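Take a look at the letters that make up each chain.
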Amino acid sequence: MPHFIRLYVRWVDRINRFIGRFAMYFVLIMMIGFLYAAVVRVGFNIYTNWMMESAQFLLSAYYLLGGGYSMQLNAHVRMDLFYSRWSPRTRATVDMITIWMVIVFLVFLLLGGISSSEYALVHHQRNYTAWAPPLAPIKIIMTFGIFMMLLQTIATFFRDLAAACGKEIE
């Protein structure tokens, strides 16, 4: 593999690893938030309307920012009817072909995310609830997560291409 492809794969892997490990803490933040909401509700009879929306935003950020890292670890669910019986080169060849469906899907998601984020920024879009938080921050985070997953998918394609040729990108 050319040097710039190896650099690209290493760079994307490193960034997605950092982002994915950072996003893991969002679950802990959600748990602390739910604990706080339960304590103030039961102990002080105070409702926290904002907690459920905050949790939804954090969960969205968690799975979209962690998507590239999950792909890097091969942690996504796969249909494994024949796949496990194939040789590593055959698997890499099939992955190299089928990953284009993921790339096309992510490109469309990214275009929609960019459009939606732009709309939220221009029109100061807010959620239709009593708390009414602005939607631009979470839409930008979601779009960034989709972009990073697209970059990781392309890196995975290059890794599969190398494996199909009997080489490894290190």
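Read on for an overview of the structure.

1. Focus on the layout of surface pockets
Rolled over the atoms, a probe as big as a water molecule pinpoints where empty space is left.
1) Next: For the largest pocket, the calculated volume is near 590 Å³.
2) Next: Around the largest pocket, the lining comprises 21 residues; the ones closest to its centre are Asn74, Arg78, Asp95, Thr156 and Asp160.
3) Next: At the level of secondary structure, the elements contributing two or more residues to the lining of the largest pocket comprise helix H4 (67-72), helix H5 (88-122) and helix H6 (136-164).
4) Next: If one sorts the elements of the lining of the largest pocket by residue count, H5 sits on top with eight residues.
5) Next: For the lining of the largest pocket, a count of residues per class yields eleven nonpolar, five polar and five charged.
6) Next: As a volume, the second largest pocket reaches approximately 160 Å³.
7) Next: In this structure, the second largest pocket is lined by Phe26, Ser54, Phe57, Leu58, Ala61, Leu65, Trp131, Pro133, Pro134, Pro137, Ile138 and Ile141.
8) Next: Looking at the lining of the second largest pocket, the elements that each hand over two or more residues are helix H3 (49-65) and H6.
9) Next: When residues of the lining of the second largest pocket are assigned to their parent elements, the largest contribution, five residues, is made by H3.
10) Next: Split by residue class, the lining of the second largest pocket holds eleven nonpolar, one polar and no charged.

2. Here we look at the packing of aromatic side chains
1) Next: Per the counting criterion, the structure on display carries six aromatic pairs.
2) Next: The interplanar angle of 90° and the centroid separation of 6.0 Å between the aromatic rings of Tyr8 and Phe158 together place this pair among those described as edge-to-face. Residue Tyr8 is found in helix H1 (residues 3-23), and its partner Phe158 is found in helix H6; the two are separated by 150 residues along the sequence.
3) Next: Using a relative accessible area of 18% as the deciding quantity, one classes Phe158 as buried.
4) Next: Here the aromatic cluster, defined as three or more aromatic residues joined through ring pairs, consists of Tyr8, Trp100, Phe157 and Phe158.
5) Next: For Arg91, the ring lying beneath its charged end belongs to Tyr83, and the centroid distance is 5.7 Å.

The rules behind these values
Residues numbered from 1 in each chain as written. Predicted model: local features only at pLDDT ≥ 70, side-chain atom pairs only at ≥ 80, totals over all residues. Heavy atoms only, no water. 1 Å grid on protein atoms, 1.4 Å probe; cavity = no way out; pocket = protein on both sides within 12 Å on 5 of 7 lines; lining within 4 Å. Points joined across faces, edges and corners; volume = space filled by probe spheres on them. Helix = DSSP H or I, 4+ residues; strand = E, 2+ residues; numbered from the N terminus. Nonpolar A, V, L, I, M, F, W, Y, C, P; charged D, E, K, R; others polar. Phe/Tyr/Trp six-rings, centres within 6.5 Å; stacked < 30°, edge-to-face > 60°. Buried < 20%, exposed > 50% of the residue type's maximum accessible area, 1.4 Å probe, protein only. Lys NZ or Arg CZ within 6 Å of the ring centre and 35° of its normal.

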